[in-house]
Amino acid sequence: QKKAALLEIAGSAYEKAYTLEPGDPAVQRQYSEFLRATGQHAKVESLFSGDQGVLWRYYLRDGRYDQARALLEGLYAKDSKDASVVRGLAVVAQQTGDKDSVKEYSEELLAIEDTVDNQLLQIQMYLDVGLVKDGGLKLAAFRERNPKEPRGMLFEALVLMTQGRLDEALDMVNRNL
């Protein structure tokens, strides 16, 4: 009873926010996530049918990777330099274990936006899909350029763990803390 009432209140608040600010990306993201979490898939698809950017993110969060990829590929065909689209394609590749596409799209992302966050995202994706050797090489180059970046140290500890070097990984994490 209480949960249903709270969900109804939240739904009403999201509807009002969307009515007031239908173009606000934060409102779109939160409202679509609420609808996803409450199983209102048809409503998301009808409400945001004209906004492929909202829909591909929704499909990605919902684990519908083929649908997310299809929308992203259409957006990519229109603008291959849109960093959010290229990042989306890389994440879909990561989630589906597509190693070649992870390499391709993460490199393209870095060509568009070479930031520390995107470099770390690439390393994480490489490690997640099993490209441990390549990820380790990327990480070593990253650590050389950014020796004080704590997230790089944590990724290094992760690589050490995957190599079975648990004591070294623990030392690395402790130094980072």
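Before reading on, note that the structure itself is shown above.
Below: a short report on this structure. (Residues numbered from 1 in each chain as written. Predicted model: local features only at pLDDT ≥ 70, side-chain atom pairs only at ≥ 80, totals over all residues. Heavy atoms only, no water.)

Let's shift gears to the overall build of the protein chain. Looking only at helices and strands, one finds eleven helices and zero strands in the protein chain. Excluding contacts between residues fewer than 6 apart, the proportion of contacts in the protein chain whose partners are at least 24 apart in sequence is 37%. The distance from the centre of the 23 positive side-chain charges to the centre of the 28 negative ones in the protein chain is 3 Å. (Helix = DSSP H or I, 4+ residues; strand = E, 2+ residues; numbered from the N terminus. Contact = heavy atoms within 4.5 Å. Lys, Arg positive; Asp, Glu negative; His and termini not counted. Charge placed at Lys NZ, Arg CZ, Asp CG, Glu CD.)

Before going further, it helps to spend a moment on the environment of leucine 7. By the element assignment, leucine 7 lies in helix α1 (residues 2-20). Leucine 7 sits in the partly exposed class, given a relative accessible area of 37%. Spatially, the C-alpha atom of leucine 7 lies 9.1 Å from that of phenylalanine 34, the residues being 27 residues apart in sequence. Not counting the four nearest positions on each side in its chain, leucine 7 is found in contact with Phe34 and Thr38. (Buried < 20%, exposed > 50% of the residue type's maximum accessible area, 1.4 Å probe, protein only.)

Here helix α5 (residues 65-78) spans 20 Å end to end across 14 residues, near enough to the 20 Å set by a 1.5 Å rise per residue. Listed in full, the buried residues belonging to α5 are Ala68, Leu71, Leu72 and Leu75. Seen from one end, α5 has its buried residues packed into an arc of 100°, which puts them on one side. Along α5, the residues that are exposed and aim more than 90 degrees away from the buried face are Asp66 and Ala77. (Expected span 1.5 Å × (residues − 1). Arc of directions from axis to C-beta.)

Let us now look at the packing of aromatic side chains. Two aromatic rings are characterised by how far apart their centres lie and by the angle between their planes. Taken as a whole and assessed by the stated rule, the structure comprises seven aromatic pairs. Here tyrosine 58 and tyrosine 59 contribute two aromatic rings whose centre-to-centre distance is 5.5 Å and whose plane-to-plane angle is 55°, an arrangement assigned as tilted. Take tyrosine 58 and tyrosine 59: they sit in the same class, and that class is buried. (Phe/Tyr/Trp six-rings, centres within 6.5 Å; stacked < 30°, edge-to-face > 60°.)

With that out of the way, let us pick up a nonpolar patch on the surface. A contiguous nonpolar patch, built from Leu158, Met161 and Leu166 and spanning about 270 Å² of accessible area, is present on the exposed surface. Looking at the secondary structure, you find leucine 166 in helix α11 (residues 166-176). Residue leucine 166 is classed as exposed on the basis of its relative accessible area of 52%. (Patch = residues over 30% accessible without salt bridge, like charges linked within 9 Å, V, L, I, M, F, W, Y side chains within 5 Å. Areas by Shrake-Rupley, 256 points an atom, 1.4 Å probe, with all protein chains shown as cover. Salt bridge = Lys/Arg side-chain N within 4 Å of Asp/Glu carboxyl O.)

Quick look at the packing of helix α8 (residues 116-128) against helix α10 (residues 150-162) now. At their nearest, the axes of α8 and α10 sit 11 Å apart, and the two run at 10° to each other. One way to sum up the angle between α8 and α10 is to call them roughly parallel. Counting all contacts with α8, which are made through Val116, Asp117, Leu120, Ile123, Gln124 and Leu127, the residues of α10 involved are Arg151, Gly152, Phe155, Leu158 and Val159. (Axes fitted to C-alpha atoms, helices over the stretch in contact; angles between N-to-C directions. Parallel < 35°, antiparallel > 145°, perpendicular 65-115°, else oblique.)

On to the pattern of salt bridges. Enumeration over the complete set of coordinates arrives at 14 salt bridges. With a shortest N-O distance of 3.7 Å, arginine 36 and aspartate 62 are connected by a salt bridge. With arginine 36 in helix α2 (residues 25-37) and aspartate 62 in the loop between α4 (52-61) and α5, this residue pair connects regions lying 26 residues apart in the sequence. Residue classification places arginine 36 among the partly exposed positions, given a relative accessible area of 22%. Across the pair glutamate 113 and arginine 87 runs a salt bridge whose closest N-O atoms are separated by 3.0 Å. A residue pair is termed long-range when its members are at least 10 positions apart, and glutamate 113 in the loop between α7 (99-112) and α8 and arginine 87 in helix α6 (residues 83-96) qualify at 26 residues.

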